[in-house]
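So you can see what is in the structure, the chains are spelled out below.
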Amino acid sequence: MALFESKNRGEGRIHENLDELSTDLADYIAELSEASVKERGFFAIALSGGSIISLMRNLCGAPYNKTVDWSKWYIFWADERVVAKNHVDSNYKLAKDQLLSKLPIVPSHVHSINDSLTAEEAANEYGFVIRQLVRTRVVNVSEVSDCPKFDLILLGMGPDGHVASLFPNHSVLEEKNEWVTFITTSPKPPPERITFTPPVINSAANVAVVVTGGGKAEASRLAIDDVGPECPILPARMIEPAAGKLVWFLDNQAASKLKGFSQFYK
Ligand SMILES: O=C(O)[C@H](O)[C@@H](O)[C@H](O)[C@H](O)COP(=O)(O)O
């Protein structure tokens, strides 16, 4: 693994292959869980869809099955596709099938959207649920905004630089008031989604963006490197936790266009 620290784009961990990345990712999550349970008694983690779920697979085995205090985990989604929970496109189903069903998490601690509502209603209701949990401090509250402060928000990134369901040039990028909002025109199917807004993501204690594959090398460069003002602003570049820590988990293909790449591997 090679490490980099960037002035305002956080810390980067570049891995030789997906196995190494999965091992490191599980370690990182387990460490944050331990610290957060010790400090607050809870671990509020938000997942995304896509490949990140299978990259978390090591959490299902030793030593984590014994060492992690699963009873303190509260699960959320940074974005969900508005489809039935048993639909093949569902982010909830993906996480449930590949991860949550293999971990001893308390079922009432899993907070996914109500799939019988419209996207707008589901976003409002999800925001309300989070508000209740902030009130009781199961989800911490930010000191710098009036937003929830998730202990960890895990994001994937698309080749277009989207994170959660924040797509390039979408008006949702400007949302400042809501914690959770909705879109009905996602360029990546399915079209209807709910998503955490940038202020919520940037209020988290920790944000990890997990990016793998050569198809995302250019987006990684635009999201992380010190590119000039003439470059397009990707949603992933808007991730800048105000009082939290940003970590990039990359494989060497996704990192291959970063300025320092050859120097990381000298
Ligand atoms: O619902 C979704 O589609 C996801 O939440 C999305 O934001 C995903 O995390 C990225 O598109 C990366 O996905 P991959 O890692 O599978 O490329």
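Source: prediction; values computed, not measured. (Residues numbered from 1 in each chain as written. Predicted model: local features only at pLDDT ≥ 70, side-chain atom pairs only at ≥ 80, totals over all residues. Heavy atoms only, no water.)

Turning next to the overall build of the chain. Looking only at helices and strands, one finds eight helices and 12 strands in the chain. Against the 2.2 N^0.38 benchmark of 18 Å for 266 residues, the chain shows a C-alpha radius of gyration of 17 Å, consistent with a compact globule. Considering the chain as a whole, with its 266 residues, one finds that 56% of them fall into the buried category. Expressed as a percentage of contacts within the chain between residues at least 6 apart in sequence, the contacts between residues at least 24 apart total 72%. Counting only carbon and sulfur atoms, one obtains 51% of the accessible surface of the chain, whose full area is about 11,600 Å². Charge separation in the chain, taken as the distance between the mean sites of 27 positive and 33 negative side-chain charges, equals 2 Å. (Helix = DSSP H or I, 4+ residues; strand = E, 2+ residues; numbered from the N terminus. Rg over C-alpha atoms; globule rule 2.2 N^0.38 Å. Buried < 20%, exposed > 50% of the residue type's maximum accessible area, 1.4 Å probe, protein only. Contact = heavy atoms within 4.5 Å. Areas by Shrake-Rupley, 256 points an atom, 1.4 Å probe, with all protein chains shown as cover. Lys, Arg positive; Asp, Glu negative; His and termini not counted. Charge placed at Lys NZ, Arg CZ, Asp CG, Glu CD.)

In any sheet, the strands associate via hydrogen bonds between backbone groups, in a parallel or an antiparallel arrangement. One open sheet holds the three strands; their spatial order is 5-10-9, and the pairing between them is antiparallel. Each having just a single partner strand, strand 5 (79-81) and strand 9 (180-183) make up the two edges of the open sheet. Adjacent strand axes in the sheet meet at a mean angle of 20 degrees, parallel and antiparallel pairs treated alike. Relative to strand 10 (residues 193-196), strand 9 runs antiparallel, the two being bridged by four bridges. Note on strand 10: the bridge partner recorded for Thr-181 is Thr-195. Helix 5 (residues 119-135) contacts strand 9 and strand 10 of the sheet and is inclined by roughly 165 degrees relative to strand 9. (Pairing = 2+ DSSP bridges. Axes fitted to C-alpha atoms, helices over the stretch in contact; angles between N-to-C directions.)

A word on the confidence of the model for the chain. Summarising the model, the chain shows a mean pLDDT of 96, and 98% of its residues fall at 70 or more. No element of the chain has a lower mean pLDDT than helix 8 (residues 261-264), at 71, and none a higher one than strand 8 (residues 152-156), at 99. Our summary of model confidence lists the complex with pTM equal to 0.97 and ipTM equal to 0.97. (pLDDT = per-residue confidence, 0-100.)

Overall, mixed pairing links the seven strands, which are arranged 1-2-12-11-8-3-4 in an open sheet. In this open sheet, the two strands that pair with only one neighbour each are strand 1 (2-6) and strand 4 (73-77). When strand polarity is set aside, the average angle formed by the axes of neighbouring strands in this sheet is 20 degrees. Bridge analysis of strand 8 against strand 11 (residues 206-211) gives four bridges, and the strand direction is parallel. Counted as the bridge partner of Gly-156 is Val-210 from strand 11. Along the sheet, helix 1 (residues 18-40) makes contact with strand 2 (10-15), strand 3 (43-47), strand 4, strand 8, strand 11 and strand 12 (245-251), crossing strand 12 at roughly 160 degrees.

This paragraph deals with the pattern of salt bridges. Applying the stated criterion to the full structure yields 11 salt bridges. Ionic pairing is found between Arg-13 and Asp-24, a salt bridge with its closest N-O pair at 2.9 Å. In this pair, Arg-13 is assigned in strand 2 and Asp-24 in helix 1, connecting sequence segments 11 residues apart. Looking at Asp-24, the relative accessible area reads 11%, which means it is buried. With a closest N to O distance of 3.1 Å, Asp-69 and Lys-72 form a salt bridge. One continuous salt-bridge network, built from bridges that share partners, spans Glu-11, Arg-13, Asp-24 and Lys-245. (Salt bridge = Lys/Arg side-chain N within 4 Å of Asp/Glu carboxyl O.)

Turning next to the site of the ligand. Around the ligand lies a shell of 14 residues, among which Ser-51, Asp-79, His-162, Lys-188 and Lys-216 are the nearest. Taking Gly-49, its main chain carries an N or O atom lying 2.9 Å from an oxygen atom of the ligand. Ser-51 is positioned with one of its side-chain polar atoms (N or O) 2.5 Å from an oxygen atom of the ligand. Against a free-state accessible area of 420 Å², the protein chains account for coverage of 90% of the ligand. In terms of residue class, the shell around the ligand is built from two nonpolar, seven polar and five charged. (Near = heavy atom within 4 Å. Polar contact = N/O pair within 3.5 Å; in protein donor to acceptor, adjacent residues only side chain to side chain. Nonpolar A, V, L, I, M, F, W, Y, C, P; charged D, E, K, R; others polar.)

Note that Leu-59 resides in the loop between helix 2 (52-55) and helix 3 (64-67). Taking the C-alpha atoms as reference, Leu-59 lies 8.7 Å from Thr-23; in sequence the two are 36 residues apart.

Let us now look at the nonpolar core. In summary, soluble globular proteins display a tendency toward joint burial of nonpolar side chains. If you look at the biggest cluster of nonpolar residues, it comprises 91 residues, and the most contacted ones within it are Ile-29, Phe-76 and Phe-196. If near-sequence neighbours (up to four positions away) are discounted, Phe-196 is found in contact with Ala-46, Phe-76, Trp-77, Ala-78, Tyr-126, Ile-130, Phe-150, Ile-153, Leu-166, Trp-179, Val-180 and Ile-201. (Core = buried A, V, L, I, M, F, W, Y, C linked by side-chain atoms within 4.5 Å.)

For strand 12, a buried count of six out of seven residues is recorded, marking the element as mostly surrounded by other parts of the structure. Bridge count between strand 2 and strand 12: five bridges; the pairing is parallel. Across the sheet, Gly-12 pairs through a bridge with Trp-248, a residue of strand 12. Taken together, the six bridges between strand 11 and strand 12 define a ladder with parallel strand orientation. What sits directly across from Val-207, in strand 12, is Leu-246. Where the polypeptide runs from strand 11 across helix 7 (residues 217-224) and back to strand 12, its parallel neighbour, the crossover connection is right-handed. (Right-handed = clockwise from strand over helix to strand, strands pointing away.)

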